Amino acid sequence: MHAAMSPVHLAFETLRGAALHPLLPALARLRITVFREWPYLYEGDAAYEQRYIRAYAEAPGAAVVVCHAGDEVVGAATCEPMTQGHAPVRAAFEAAGLDPREHCYFGESVLLPEHRGRGAGVRFFTEREAHARALNLRYAAFCAVSRDPADPRRPADYTPLDGFWRKRGYTPRPDLTVTFTWRELGDGAETPHTLAFWLKDLRA
C-alpha cells in the first residue's frame, strides 16, 4: 500500500504595484478558469484579464492576496479603495447615500477547486480586511452575482457561499446592486448581470 500524499502547503502573500507584474499571466488564467464555473459562467479573454489585473497593480491603494501551492498560483483575492475602482460601484453606493471614500472594495476571490476547503477563503478575507484597516477604511464591501435558483445550469451539488460570508461578519444588501456585462459560455455577445452587495463594518 502507498501512503496517502499530504496536500501541498498553501502559502499566501499580499502584493502591490510592480510586484504583481510577473504574475499577470498566471492571475489572468486563474480568473478565466474559476469564473467559467457556476454562478458566473464567464467566457474569459486572456488579454482583457491581464489588463484587468494590471489595473490593480497600477492603483496606489490596491492589493492582491496571492495563494501559492508550490510554484503554482492557485488562488487570488483583490481589494482596493472604492474611490480607485469601478465607476458603476461608486455610483451605486453614492445613489444609496453611502460614501465610497469609507469603503474598501473586494473585487473577487478565486481558488482552484482542488485547494478549496483548506482555509484559503478565510485567509483571503483576513488579509484584505487587514489591508483595508491599514488604509483607514471603515467598511469592506463585495458583490456577488444574483442567479435564479431554478436555473437549469445550476449544478445539483452547488452550495451558496451565503453562510460562509455571514460567518465572516458580512451582511447582505439585496437593495444595493450594480450591473456588469460579460459574455457567458456559448454566447456570442456580452449580456448584463446584476450583482448584489455584502458589507461589513471593520470597526464593529
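Anything mentioned here points back to the structure above.
What counts, and where the lines are drawn
Residues numbered from 1 in each chain as written. Predicted model: local features only at pLDDT ≥ 70, side-chain atom pairs only at ≥ 80, totals over all residues. Heavy atoms only, no water. Phe/Tyr/Trp six-rings, centres within 6.5 Å; stacked < 30°, edge-to-face > 60°. Helix = DSSP H or I, 4+ residues; strand = E, 2+ residues; numbered from the N terminus. Buried < 20%, exposed > 50% of the residue type's maximum accessible area, 1.4 Å probe, protein only. Lys NZ or Arg CZ within 6 Å of the ring centre and 35° of its normal. Pairing = 2+ DSSP bridges. Salt bridge = Lys/Arg side-chain N within 4 Å of Asp/Glu carboxyl O.

A. Local environment of the packing of aromatic side chains. Scanning the model with the defined rule gives 15 aromatic pairs in all. A centroid spacing of 5.8 Å and a plane angle of 80° characterise the contact between F12 and F124, whose relative ring orientation is edge-to-face. Here F124 lies in helix α4 (residues 120-134) and F12 lies in strand β1 (residues 10-15), a separation of 112 residues in the sequence. Its relative accessible area of 1% is what places F124 among the buried residues. Ring pairing ties together the aromatic residues F106, F125, F142, F164, W165, Y170 and W198, which thus form one cluster. A cation sits over an aromatic face here: R31 above Y52, 4.0 Å from the ring centre. One Lys or Arg, R128, reaches over the ring of F125 and ends 4.9 Å from the middle of that ring.

B. Region of interest: unusual backbone geometry. Cis rather than trans, the peptide bond between W38 and P39 has omega equal to 15°. Even without a glycine there, the phi angle at L41 is positive, about 55°. Structurally, L41 is set in the loop between α1 (24-35) and α2 (46-58). Looking at L41, the relative accessible area reads 11%, which means it is buried.

C. Fine view of the pairing of strand β8 (residues 191-201). Pairing analysis gives seven bridges linking strand β6 (residues 139-145) to β8, with the strands arranged antiparallel. When the sheet's bridge partners are listed, A140 is paired in β8 with K200. Note that strand β7 (residues 171-182) and β8 share nine bridges and pair antiparallel. Among the inter-strand pairings, T181 is bridged to a residue of β8, identified as P192.

D. Spatial organisation of the pattern of salt bridges. All told, the structure shown has 12 salt bridges when counted by the stated rule. One salt bridge connects K200 with E129, and the closest N-O pair in it is separated by 3.2 Å. With K200 in strand β8 and E129 in helix α4, this residue pair connects regions lying 71 residues apart in the sequence. D175 serves as the salt-bridge partner of R173, at 2.9 Å between the closest nitrogen and oxygen. Each member of the salt-bridge network shares a partner with another, and the members are R147, D151, R153 and E184.

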